[in-house]
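Structural characterization, general
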Amino acid sequence: MNELQDLKKVRQKLAEAHALAQAQAAAQALAARQREAESNLFVRAVGAVQRLPVHDQVKLDGPSPAPIAHQRQKDNEAVLRDCLSDEFDASTLLDTDDALSFRRPGIGRDVIHKLRKGDWSIQREIDLHGLRSDEARVALAEFIRLAHRQGVRCLRVVHGKGLGSPGKTPVLKSKVHSWLIQKDQVLAFVQAKPAEGGAGALLVLLKPGG
């Protein structure tokens, strides 16, 4: 009797396993049909399509155009705006003291006094020794422009005493005076103290920038 009961249980379990397998197979078949229907949905919507012939495809030959250096263009335009004239007469705008200092209208004499005393520390300097006049003019214009953009206030400009020039004449000195006066960023300048270059250099005060 026990063996018969065990056999019935085995047959029941086999039947249940078979039914489960059939159900799983039916579910898998249904899922496959759904995926196929979804994958064919686009094809059914647009209809038959054909691949374009190869000769109708666009070919882009040649190298790509070089990128435009916008910042360089802006810098070049700024240099053009900064062009300084050698014909500008600065002598009438200089204070006739022993150092021929300069201050813009509205700038008090106390600014000149403080600049001479060193109330502003020198933050940048440029040495124009050995440069031709045209080279020195461009170098000074660019130096002033960058310093002002970086928020620098006090500069030293070394133009030399002219000891190596024909006739021992300081060729650049008067030109540097003229160029600096033409720069709107320059508020004032004075001759440097002996320890800072004396008659061969200027201390220049710029407007606040940045």
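See the structure above.
Everything numeric in this text was worked out from a predicted model, so none of it was measured.

Along its length, the protein chain carries 6 helices and 5 strands. Starting at the N terminus, the α and β elements of the protein chain follow one another as α-α-α-β-α-β-α-β-α-β-β. Split into buried and exposed, the 210 residues of the protein chain put 28% on the buried side. At a minimum sequence separation of 6, the contacts of the protein chain that also span at least 24 residues come to 67%. Just so you have it, the protein chain exposes about 14,900 Å², and 56% of that area is on carbon and sulfur atoms.

Turning next to the pairing of strand E2 (residues 124-127). In the case of a regular strand, side chains alternate between the two sheet surfaces. For E2 and strand E3 (residues 154-158), the ladder comprises 4 bridges, and the chain directions are parallel. Bridge pairing in E3 links Asp-127 to Val-158. The handedness of the E2 to E3 crossover, carried by helix H5 (residues 133-149), is right-handed.

Right, let's get into the environment of Val-171. Along the chain, Val-171 turns up in helix H6 (residues 171-182). Spatially, the C-alpha atoms of Val-171 and Gly-160 are 8.6 Å apart, while their sequence positions differ by 11 residues.

This paragraph deals with the sheet that holds E3. Spatial strand order, E1-E4-E5-E3-E2: 5 strands in an open sheet with mixed pairing. On the outer flanks of this sheet lie strand E1 (102-103) and E2, each paired with one strand and no other. The sheet contact formed by strand E4 (residues 186-191) and strand E5 (residues 201-206) spans 5 bridges and is antiparallel. Paired with Phe-189 across the two strands is Val-204, which belongs to E5. Against the sheet, helix H4 (residues 109-117) touches E1, E3, E4 and E5, its axis set at about 50° to E4. Contacts from H6 reach E1, E3, E4 and E5, with the element oriented near 160° to E4.

This model, assessed by the stated rule, comprises 4 salt bridges. The residue Arg-156 makes a salt bridge to Glu-125 at a minimum N-O spacing of 2.3 Å. Taken together, the positions of Arg-156 in strand E3 and Glu-125 in strand E2 put the pair 31 residues apart, joining distant regions of the chain. According to the relative accessible area criterion, Glu-125 is partly exposed, its value standing at 43%.

Right, let's talk about the nonpolar core for a bit. In terms of nonpolar packing, the biggest core is built from 21 residues, with Leu-140, Leu-155, Val-176, Leu-180, Phe-189 and Val-204 touching the most fellow members. Secondary structure elements with two or more residues in this core: H5, E3, H6, E4 and E5. Leave out the neighbours within four places in its chain, and Leu-155 touches Ile-122, Arg-124, Phe-143, Ile-144, Ala-147, Leu-202, Leu-203, Val-204 and Leu-206. Of all hydrophobic cores here, the second largest spans 13 residues; its members include Ile-107, Val-190, Ala-192 and Leu-205.

In this section: the pairing of E4. Buried residues dominate E4, accounting for 5 of its 6 residues. The pairing of E1 with E4 spans 2 bridges and is classified as antiparallel. Looking at the pairing, Arg-103 lines up with Ala-188 of E4.

Bringing the environment of Ser-174 into the picture now. As for its position among the elements, Ser-174 is in helix H6. Take Ser-174: its relative accessible area is 49%, and that puts it in the partly exposed class. Here the alpha-carbon distance between Ser-174 and His-159, two residues 15 residues apart in the chain, equals 9.3 Å.

Next up on the list: H5. Helix length check: H5 (17 residues) gives 24 Å between terminal C-alpha atoms against 24 Å at 1.5 Å per residue, within 8%. Residues of H5 that are buried include every one of Ser-133, Ala-136, Arg-137, Leu-140, Ala-141, Phe-143, Ile-144, Arg-145 and Ala-147, and no others. Positioned one or two residues after H5, Gly-151 has a phi angle of 80°, which is positive.

Thresholds, definitions, all that
Residues numbered from 1 in each chain as written. Predicted model: local features only at pLDDT ≥ 70, side-chain atom pairs only at ≥ 80, totals over all residues. Heavy atoms only, no water. Helix = DSSP H or I, 4+ residues; strand = E, 2+ residues; numbered from the N terminus. Buried < 20%, exposed > 50% of the residue type's maximum accessible area, 1.4 Å probe, protein only. Contact = heavy atoms within 4.5 Å. Areas by Shrake-Rupley, 256 points an atom, 1.4 Å probe, with all protein chains shown as cover. Pairing = 2+ DSSP bridges. Right-handed = clockwise from strand over helix to strand, strands pointing away. Axes fitted to C-alpha atoms, helices over the stretch in contact; angles between N-to-C directions. Salt bridge = Lys/Arg side-chain N within 4 Å of Asp/Glu carboxyl O. Core = buried A, V, L, I, M, F, W, Y, C linked by side-chain atoms within 4.5 Å. Expected span 1.5 Å × (residues − 1).

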